[in-house]
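Commentary on secondary and tertiary structure
Read off the chains here:
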Amino acid sequence: MEHVNVTRGMASMLALVAGVGMAQAKTDIVVGMQLEPPHLDPTSAAAGAIDEVLYANVFEGLTRFGPDGAVNPGLAESWEISEDGTVYTFKLREGVTFHDGSTMDAEDVKFSLDRARAADSANAQKALFAGITDVEVVDPQTVKVTLEAANGSFLFNMAWGDAVIVAPESIENIKTNPVGTGAFKFDNWVQGDRIDIVKNPDYWGEPAKLDRATFKFISDPTAAFAAVMAEDVHAFVGFPAPENLPQFDADPRFQVLIGSTEGETILSTNNKQAPFDDVRVRKALAHAIDRQAIIDGAMFGYGTPIGTHFAPHHPDYVDLTANSAYDPELAKSLLAEAGFADGFTTTLKLPPPAYARRGGEIIASQLRAVGIETEISNLEWAQWLEQVFTGKDFGLTIVSHTEPMDIGIYGNPEYYFQYDDADFQQIMTDLTAESDPAARSALMKQAQEKISADYVNGYLFQLAALRVANAKVVGLWENMPTQANDLTAVYWQE
Amino acid sequence: MLRYVLKRLVSLVISLAVASLVIFLAIEVVPGDPAAYMLGMNAQADTLAALRDQLGLNGSVFERYTSWVGGMLVGDFGTSYTYRTPVAEMIGDRMWISLPLAAYALTLSTVIAFPAGVWAASRRGSAADMGVMGVTQLGVAIPNFWFAMLMVLVFAINLGWFSAGGFAGWEQGFLAGMKSLTLPAIALALPQASILTRVMRSSLLDTLSEDFIRTARAKGLTRRQVLWRHALRNAMIPVLTIIGMQFSFLLAGAIIIENVFFLPGLGRLVFQAISARDLIVVESVVMLLVFAVIMVNFAVDLAYAAVDPRLRGRR
């Protein structure tokens, strides 16, 4: 360790003398990110930044998401599902060890799943584990998971970052010293600055191509721009200054990667608050909004219009944007029909991201054109969670729902936008119990059409994944099927 | 002198006690639940309750205040809600950046301001004086974050002499650490040096027009001798006040510059902690900054007494 530091010290001294940045090392990478993880336990916080550093790199689950969003085998190399769909028997990979050297076996899987579903669990996605009634260790390589009822999404659920396998020995300090099974080991965290991960030489699968990766946290958009331009960072994921992307695109030193995410950005509407309890008013809202103008104005053109709460890149996506095509005249007549010929006033509460703050101004002016006045208030996330999400004290808000495949939230009448519809809830119940792919696909389409026809929320656009990288960096995921930066296949091209 | 010091000490302790109460109450009423922030939009009610319990958020306000103050008295600042590490440790880490940065900026500012101020004052009305006044006017007017971005553009992006930001880490060597702090320190020092130069100049001019200076000149001392032996010492009081204020400001007020250069300093810690509702961190850092400000003022008070013997004698 000592000699590494000496070498690095000498290198930076040389850089100082030469007055230039360090020569490009081909086996390490510095990845810039806007948000820093609050801690390093993906199984006890909602912060996407935790997964963006650790998912697939340090921690792995029974199953894992591939770059295309498919659910692939992870620590489980195969599984059998009982006839009635309630019992999953997972066959674990042989020879998997945690980074502290201990063996990963069925006991660890049982521990992880039981911890996540326990009464005192702090898992932010506890619902993923809700149907599990029993986890049984059959032998060190075999785990049997029993579900209350068949759940067609179970393997998908197990691929989430919140369902990764952790070890009881290292759980005490997981928040500062995460010990996983992945192709990279956690090395160092300088809080407020960076996290280093290094190659795991004992990895069970295809070893990582890089020796070291550093995640550097730069929150200010201008600073992010400068860091990429000065080549202090080799890639920036979730680049916060879309207005600068054309400049990078034109520069041969860089590549700009625009992919899709799971973030449906919606004008969330309080379905229980008058006048939004009237479907005609919600329909008027939908027709009053010019999506493309919002995408161009707030996101500098990056984003795909959506007409329902579903990711456009998903094979089961139905394009329903025509249901709510921009038509201010129709919106006005719908409002008149609902008894609001002179319009009304409501609240528009905006969380911090640029899509909400910038998009909010544009939406407010579009709504004003049809007679709806909005009182805009800008909230911090903590306030937004308290007032809007928990307190349900809002008329309208703009937020991106970034969890993959989360149309199920419409089945919960308590969820903050308070859509309470028995037919939709039935579709969700059927979907959970269904495991036949064709039938599931039909149900998912039905669900999308239902919420679109009920104009539950204003559906705006799918958030784009904006990344800038050095032109020689290869292997970054094109899309973001989950909030992750899987670096296991990343390397430098000569 | 002893009496003077004691009096200052008592007022210091009272200030700290009042500050701790105000800080605690002000921060406790901020809306937003740290547990809800951490668990996000899909959290279930029982999960939230479990986390609130783990974080110790369920005690009464009085209990939490006494345990916070009691802990601080023995050097225990509590444990961060989000990072789950001791606050004292986090502050300690950040101090290694904020303190050197503040000291670096203050040194630069003083090193520039002293000669510039004295030079301008001793040549009152000359082209040199006008030049110094003009440049410092500009220095006060330019926002430091804008100046910082300009420097990044020139020295990091175009010339490549410095990195655009970030901190190399002291383990890379003293020079590498100082190099990472150079652009931020210059950005911070520019407005401070300008202010200090102007204060230095006007204070010196005021002193130079006083009777005792005329007396000294009448005794036969040269202009230069009067300036260095009599005027400078008497002109120091306002200058010391400004330096004291600047140090406190630099320690606490570097948030924007820390953001521009993505330095993991104290300002950035507070910034992150506020949005995450990591109240214990916010309270402790703010308290520490108040402590620093009060200590600096105390030191400045003592320095007054050192340069102005009249203060020692008075009640």
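Computed from a predicted structure; not experimentally measured. Here the residue numbers are simple positions, counted from 1 along each chain's written sequence. As a convention, the first chain written is A and the first ligand written is 1, with the rest following in written order. Totals for whole chains, interfaces and linings use every residue, but because this is a predicted model, local features are given only for residues with pLDDT of at least 70 and side-chain atom pairs only at 80 or more, for both listing and counting.

**Focus: the overall build of chain A**
Secondary structure follows DSSP: runs of H or I at least 4 residues long count as helices, runs of E at least 2 residues long count as strands, and numbering of each begins at the N terminus. Looking only at helices and strands, one finds 13 helices and 19 strands in chain A. What the globule rule says is 2.2 Å times the number of residues to the power 0.38, and the radius of gyration is computed from C-alpha atoms. In terms of C-alpha radius of gyration, chain A reaches 24 Å, essentially the compact-globule figure of 23 Å for 494 residues. Burial in this document is a count-based property: other C-beta atoms within 10 Å of a residue's C-beta are tallied, and the residue is buried at 20 or more, exposed at 12 or fewer, or partly exposed in between, with C-beta positions derived from the backbone. Residues counted as buried form 47% of the 494 residues belonging to chain A. We call two residues in contact whenever the C-beta atoms placed from their backbones are within 7 Å. Here the contacts in chain A between residues at least 6 apart in sequence split such that 70% fall between residues at least 24 apart.

**Some details on the overall build of chain B**
The secondary structure content of chain B amounts to 15 helices and zero strands. Projected onto the principal axes, the alpha-carbon positions of chain B cover approximately 85 × 60 × 35 Å. Taking all 315 residues of chain B together, 39% fall into the buried category. Counting only contacts in chain B whose residues sit at least 6 apart along the sequence, the fraction spanning at least 24 positions is 71%.

**A short note on the pairing of strand S7 (residues 142-147) of chain A**
Residue and element names in this part refer to chain A. At least two DSSP bridges between two strands are needed for those strands to be called paired. With five bridges connecting them, strand S5 (residues 87-92) and S7 associate as antiparallel partners. Considered in S7, the bridge of threonine 89 is made with lysine 144. Pairing between strand S6 (residues 132-139) and S7: six bridges, direction antiparallel. Bridging from a neighbouring strand, aspartate 139 pairs with threonine 142 of S7. Counting the residues that bridge the hairpin from S6 to S7 gives two residues.

**Brief notes about the domain arrangement of chain A**
All names here are of chain A. Per the domain assignment, the segments of chain A are domain 1 (28-36 + 176-259 + 465-492), domain 2 (60-171) and domain 3 (263-463). An automatic or database domain assignment supplies the start and end points of every domain. Summarising the inter-unit geometry, the C-alpha centres of domain 1 and domain 3 are found 32 Å apart. At the junction of the two partners, domain 1 supplies eight residues and domain 3 supplies six residues. Residue composition of the side of domain 1 that touches domain 3, grouped by class: four nonpolar, three polar and one charged. As a working rule, the residues Ala, Val, Leu, Ile, Met, Phe, Trp, Tyr, Cys and Pro are called nonpolar, Asp, Glu, Lys and Arg charged, and the rest polar, with Gly in that last group.

**Comments concerning the sheet that holds S5(A)**
Residue and element names in this part refer to chain A. Taking strand neighbours across the sheet as the criterion, the four strands line up as S4-S5-S7-S6 in an open arrangement whose pairing is antiparallel. The open sheet has two edge strands with one neighbour each: strand S4 (76-81) and S6. The sheet shows a mean angle of 20° between the axes of neighbouring strands, taken without regard to direction. Along the sheet, helix H3 (residues 106-117) contacts S5, S6 and S7; its crossing angle with S6, the most-contacted strand, is approximately 170°. As a rule, the C-alpha atoms of each element are fitted with a line to give its axis, helices using only the stretch in contact, and angles between N-to-C directions run from 0 to 180 degrees.

**Digging into the interface of chain B and chain A**
The parts lose accessible area when they come together, and the size of an interface is often stated as this lost area. Listed by partner, the interface residues are 53 residues for chain B and 49 residues for chain A. At the level of elements, helix H2 (34-39), helix H3 (45-55), helix H5 (87-122), helix H7 (144-158), helix H8 (174-208), helix H12 (255-260) and helix H13 (266-275) of chain B are the ones that each hand at least two residues to the side of chain B that touches chain A. If you tally residues by element for the side of chain B that touches chain A, the top one is H3(B), at five residues. Residue classes in the side of chain B that touches chain A are distributed as 27 nonpolar, 17 polar and nine charged.

**Some thoughts on the packing of helix H5 (residues 221-229) of chain A against H7(B)**
One way to put it is that H5(A) packs onto H7(B) with a least axis distance of 10 Å and a crossing angle of 10°. Put simply, H5(A) runs roughly parallel to H7(B). Residues A:Thr222, A:Ala226 and A:Met229 of H5(A) form the contact with H7(B), whose participating residues are B:Met149, B:Val152, B:Ala156 and B:Ile157. Broken down by class, the residue content of the contact of H5(A) with H7(B) amounts to six nonpolar, one polar and no charged. An angle counts as roughly parallel when it lies under 35 degrees, as roughly antiparallel when it exceeds 145, as roughly perpendicular when it falls between 65 and 115, and as oblique in every other case.

**A few points about the confidence of the model for chain A**
What pLDDT reports is the predictor's confidence in each residue, on a scale of 0 through 100. Per-residue confidence for chain A gives a mean pLDDT of 90, with 95% of residues at or over 70. A low-confidence stretch, residues 1-24 of chain A (pLDDT under 50), is modelled with 22 contacts involving residues beyond four sequence positions or located in other chains.

**Details of unusual backbone geometry**
Residues and elements named next belong to chain A. Here the bond from alanine 274 into proline 275 is cis, since omega is 0°, no more than 30 degrees from zero. Structurally, proline 275 is set in the loop between strand S12 (254-269) and helix H7 (279-288). One non-glycine residue with positive phi stands out, namely glutamate 231, at about 60°. Residue placement: glutamate 231 occurs in the loop between H5 and strand S11 (235-237).

**Thoughts on the packing of H5(B) against helix H6 (residues 127-141) of chain B**
All names here are of chain B. Running from N to C, H5 and H6 cross one another at 140°; their axes reach a closest spacing of 8 Å. In terms of orientation, H5 lies oblique with respect to H6. Seen along the crossing, H5 lies across H6 with a hand that is left-handed. Contacts between H5 and H6 involve Ala116, Trp119 and Ala120 on the former and, on the latter, Ala128, Asp129, Val132 and Met133. Class assignment of the residues belonging to the contact of H5 with H6 gives a composition of six nonpolar, no polar and one charged. Handedness of a crossing follows from how the near helix is turned relative to the far one, being left-handed for an anticlockwise turn of less than a right angle and right-handed for a clockwise one.

**Regarding helix H12 (residues 422-433) of chain A**
All names here are of chain A. Expected helix span is given by 1.5 Å per residue-to-residue step, counting one fewer step than there are residues. For H12, with twelve residues, the first-to-last C-alpha span of 17 Å sits near the 16 Å given by 1.5 Å per residue. Taken as a whole, H12 has its buried residues at Phe424, Ile427 and Leu431. Here the buried residues of H12 occupy an arc of 55° about the axis, which is enough to place them on one side. H12 presents Ala422 and Gln426 as exposed residues on the side facing more than 90 degrees away from its buried surface. Directions drawn from the helix axis to the C-beta atoms are what define this arc.

**Quick notes on the environment of B:Asn144**
All names here are of chain B. As for its placement among the helices and strands, asparagine 144 is situated in helix H7. Its 22 C-beta neighbours within 10 Å are what place asparagine 144 among the buried residues. Other than its neighbours up to four places away in sequence, asparagine 144 contacts Ala187, Leu188, Leu190, Pro191 and Ile257.

**Digging into helix H9 (residues 211-218) of chain B**
Summarising burial for H9(B): zero of the eight residues are buried, a small minority. One or two residues past the end of H9(B) sits B:Gly220, with phi positive at roughly 110°.

**A closer look at the confidence of the model for chain B**
For any part of a model where pLDDT is low, the fine detail of the predicted coordinates should not be relied upon. Looking at chain B, pLDDT values average 83 and 97% of them are 70 or higher. Here the predicted complex carries an ipTM of 0.74, next to a pTM of 0.81.

**Describing the environment of B:Arg52**
Among the secondary structure elements, B:Arg52 is positioned in helix H3. Sequence-distant contacts of B:Arg52, defined by excluding residues within four places in its chain, comprise B:Ala35, B:Leu57 and B:Asn58.

**Some words on the environment of A:Asn57**
Residue and element names in this part refer to chain A. One can find asparagine 57 in the loop between helix H2 (48-54) and strand S2 (63-65). In this structure, the C-alpha to C-alpha distance between asparagine 57 and methionine 480, residues 423 residues apart in sequence, is 15 Å. Among residues more than four places away in sequence, those in contact with asparagine 57 are Gly182, Ala183, Phe184, Ile197, Asp486, Leu487 and Thr488.

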